[in-house]
Amino acid sequence: MADASETGNGNPFENAMKDMEKAGEIANIPLESLEVLKKPKRVLNVTYPVKMDDGKIKYFEAYRVQYNDARGPTKGGIRFHPNVNLDEVKALSFWMALKCAVADIPYGGAKGGVTLNPKEYSATEIERVSRGYMRAVHSFIGPMIDIPAPDVYTNPQIMAWMLDEYEKIEGKHVPAVITGKPVEVGGSKGRGSSTSMGGAYILRHMKDEMDMVPDNPSVAIQGFGNVGLNIANILSVWGGYKIVAVSDSKGGIYDKDGLDVKDVIAQKESKGTVVGFPGTKKITNEELLELDVDVLVPSALENQITKGNADKIKAKIILEMANGPVTFDADKILHKRGCVVIPDILANAGGVIVSYFEWVQNLKGFYWVEDEVLLKLEQMMIDAFKNVLEHVERFSTDYRTAAYILAINRILVAEQMRGSL
Ligand code: GLU
């Protein structure tokens, strides 16, 4: 994994601001208008106690940042990770605001996080960490204020505990306060794999409708959590894609003839890692990124492709399923090399789009069949892709800058309508 400090370009919030300034310059957005997007609207930083299984009390530091709410209640996941810090959560919440605007769903952007390594705690401890987080942020959120969801190392079970805690405090059912819930407690069909499905729809559109991706492209996927695992699964079930490499935090595996994804998933589920899969070559996460493939799919964390390794990337297309995997400086190098980067705020918007469907279903109390979810998801992803493409052409720029221009303009119009600009 590239060390941010080594390359000097790893502060995700500074990177995001540079991307915004670049978009502003190219689209001639007045500097004073951009001011409204330079700082989050509300920031909550809490420390709360949790009783461990051995009876001792441990304090956890946690955040919730509501970046911008001009287009609607703020929306975004909660991350459990040892590297969670305020600058990271600020960047992630800003990207959520842009992502919701690119997808044209009626939300602003937020993000939350707890600084911890979830692998070091038991399930009962994680439950108490989750409930404690909800008690700490309870008065800050709500279905018409700010709606959390899963992110890195959080999952539907954690959403169910958080929902339950919120509802206990409120003394009534409020399913629309959090999304990514299990279907049994008001989740939406299709939400679990929706981030991956959204990215897969874009890749399929680029391949089948636009000839931007060759037939049977070779694909390398970094990260085998919810997002990486599901996109590997979807592409292999569809057929017409050759998944040659995947990785998790323990390392990666490579087979130039293509992996048997179903069996790799079975091994991940039984052994906890993809490493050691029979008949494959063991590679590092860094080597995976530098493979000579048609499509590279970073699905782990931010700052993976930096100015330190950008000139070694051989992929022709990068589909950013993680948030912020490519830094500002790396983007410039990739662009010069002719690599097309489909940015996170477009590529991974499928998750929050189906979160939006979940919220709508919760508010209406009427639930959709999976086909309806998937049909609407595909329509919204392809519409977003076409809108971004139109900006690529209009401003002769890369996909990230185009997506930023589209999103920033939509948010600024909403700010203007509200009289804040
Ligand atoms: N954490 C996901 C993201 O980064 C989903 C957010 C949501 O569903 O609100 O887009």
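Bear in mind that the values here come from a model prediction, so they are computed numbers and not experimental data. (Residues numbered from 1 in each chain as written. Predicted model: local features only at pLDDT ≥ 70, side-chain atom pairs only at ≥ 80, totals over all residues. Heavy atoms only, no water.)

Q: Looking at this structure, how should I read the sheet that holds strand S11 (residues 317–319)?
A: What holds strands together in a sheet is hydrogen bonding between their backbones, with the strands either parallel or antiparallel. Pairing is mixed across the open sheet formed by 7 strands, whose spatial order is S9-S8-S7-S6-S10-S11-S12. Pairing within the sheet leaves two strands with one partner each, and these edge strands are strand S9 (281–283) and strand S12 (340–342). Within the sheet, the average angular offset between the axes of one strand and its neighbour, ignoring direction, is 20°. Direction of pairing for S11 relative to S12: parallel, over a ladder of 3 bridges. (Pairing = 2+ DSSP bridges. Helix = DSSP H or I, 4+ residues; strand = E, 2+ residues; numbered from the N terminus. Axes fitted to C-alpha atoms, helices over the stretch in contact; angles between N-to-C directions.)

Q: What should I look at first to understand the site of the ligand in this one?
A: In the vicinity of the ligand lie 14 residues, with Lys75, Lys99, Pro150, Asp151 and Ser355 positioned nearest. Between the ligand and arginine 191 there is a distance of 3.0 Å, counted from an oxygen atom to a side-chain nitrogen or oxygen. For the ligand, an oxygen atom lies 2.6 Å from a polar atom in the side chain of serine 355. For the ligand, whose free accessible area comes to 300 Å², the fraction covered by protein is 94%. (Near = heavy atom within 4 Å. Polar contact = N/O pair within 3.5 Å; in protein donor to acceptor, adjacent residues only side chain to side chain. Areas by Shrake-Rupley, 256 points an atom, 1.4 Å probe, with all protein chains shown as cover.)

Q: Where do I start with the side chain of aspartate 331 in this structure?
A: Tracing the backbone through its elements, the reader meets aspartate 331 in helix H11 (residues 328–336). With residues up to four places along the chain from it excluded, the contact list for aspartate 331 reads Asp19, Val326, Val341 and Arg400. (Contact = heavy atoms within 4.5 Å.)

Q: Mind showing me how you'd approach the nonpolar core here?
A: A general tendency of soluble globular proteins is for nonpolar side chains to be buried together. Within the largest apolar cluster, 90 residues are counted, with the highest numbers of intra-cluster contacts made by Phe94, Tyr404 and Ile408. Broken down by element, the residue count for this core peaks at 11 residues, all from helix H15 (residues 399–417). The contact partners of isoleucine 408, leaving out residues within four places of it in the chain, are Met20, Ala23, Ile29, Leu34, Leu37 and Leu98. Formed by 28 residues, the second largest nonpolar core is a distinct cluster that contains Leu44, Phe60, Met159 and Ile178. (Core = buried A, V, L, I, M, F, W, Y, C linked by side-chain atoms within 4.5 Å. Buried < 20%, exposed > 50% of the residue type's maximum accessible area, 1.4 Å probe, protein only.)

Q: Help me understand helix H9 (residues 261–271) in this model?
A: Helical geometry note: an α-helix holds 3.6 residues per turn, so side chains three or four residues apart project in the same direction. If you check which residues of H9 are buried, you get Val261, Val264, Ile265, Gln267 and Lys268. In a view along the axis of H9, the buried residues occupy a sector of 160°, so they form one face of it. Among the exposed residues of H9, those oriented more than 90 degrees off its buried face are Lys262, Glu269 and Ser270. Against the buried residues of H9 lie helix H8 (226–238), strand S7 (242–248) and strand S8 (251–254). Of the residues one or two after H9, glycine 272 is the one with positive phi, at around 85°. (Arc of directions from axis to C-beta.)

Q: So what exactly am I meant to see when it comes to the environment of arginine 400 here?
A: Structurally, arginine 400 can be placed in helix H15. For the pair arginine 400 and leucine 346, spaced 54 residues apart in sequence, the C-alpha separation works out to 8.5 Å. When sequence neighbours within four positions are dropped, the list of residues in contact with arginine 400 reads Asp19, Glu320, Val326, Asp331, Val341, Pro343 and Asp344. Reaching out from arginine 400, the side chain makes a polar contact with the side chain of aspartate 331 at a distance of 2.4 Å.

Q: Help me understand helix H2 (residues 12–26) in this model?
A: The end-to-end C-alpha distance of H2, which contains 15 residues, comes to 21 Å, matching closely the 21 Å that a straight helix rising 1.5 Å per residue would cover. Within the span of H2, buried status applies to Pro12, Phe13, Asn15, Ala16, Met17, Asp19, Met20, Ala23 and Gly24. For H2, the elements touching its buried residues are helix H3 (31–34), strand S2 (57–68), helix H4 (86–102), H11 and H15. In the stretch just after H2, asparagine 28 is the one whose phi turns positive, near 55°. (Expected span 1.5 Å × (residues − 1).)

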